[in-house]
Amino acid sequence: SNFAEMLEFTSMMVRDSVISLLERNEELAFRVCAHDELVDEAFHSIEQQLMAIMEKDAKKAVRATLLLRFACDLERIGDHASGIAEDVIYILEGKIVSHHIEEWRKRLAPELEKRRGNLRRKQGKL
């Protein structure tokens, strides 16, 4: 499901941001930052699906709202992991991520597209 993918991405980002700090690994930190867009995409997909459910069936609104809150929390955790990774990059190299992230997204494009494709195939399957 999109939740499973989002949870997988988020937990990977948290783990890798901490490892990048402990091991002083700039490459791993940039990977975390590049993966943040996948978490955001998964969140927006889940949000759209849940809003559609709420519009169709008011009886499911409470459950859908709770799921939406859970998705918001996961998205926020991903943002925190990215923040840690951005700090690691700045501490190690003095680089501001926004100045270099496109380069890393290009380097990681095949991996990101594969994961994005998995998300698209699973859309609509909360």
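Residues numbered from 1 in each chain as written. Predicted model: local features only at pLDDT ≥ 70, side-chain atom pairs only at ≥ 80, totals over all residues. Heavy atoms only, no water.

**Brief notes about the packing of helix H1 (residues 2-23) against helix H3 (residues 61-93)**
The geometry of H1 relative to H3 is characterised by a closest axis approach of 9 Å and an angle of 25° between their N-to-C directions. One finds that H1 runs roughly parallel with respect to H3. Between H1 and H3 lies a crossing whose hand is left-handed. Contact residues: H1 offers Phe3, Met6, Leu7, Thr10, Met13, Val14, Ser17, Ser20 and Leu21, while H3 offers Leu67, Phe70, Ala71, Leu74, Glu75, Ile77, Gly78, Ala81, Ser82, Ile84, Ala85 and Val88. Considering only residue class, the contact of H1 with H3 consists of 15 nonpolar, 5 polar and 1 charged. (Axes fitted to C-alpha atoms, helices over the stretch in contact; angles between N-to-C directions. Helix = DSSP H or I, 4+ residues; strand = E, 2+ residues; numbered from the N terminus. Parallel < 35°, antiparallel > 145°, perpendicular 65-115°, else oblique. Left-handed = near helix turned anticlockwise from the far one by under 90°. Contact = heavy atoms within 4.5 Å. Nonpolar A, V, L, I, M, F, W, Y, C, P; charged D, E, K, R; others polar.)

**Topic: the side chain of Asp36**
Residue position: Asp36 is located in helix H2 (residues 26-56). Taking the relative accessible area as the measure of exposure, Asp36 reaches 13% and is therefore buried. Beyond its immediate sequence surroundings of up to four residues, Asp36 is in contact with Met13, Gly78, Asp79 and Ser82. (Buried < 20%, exposed > 50% of the residue type's maximum accessible area, 1.4 Å probe, protein only.)

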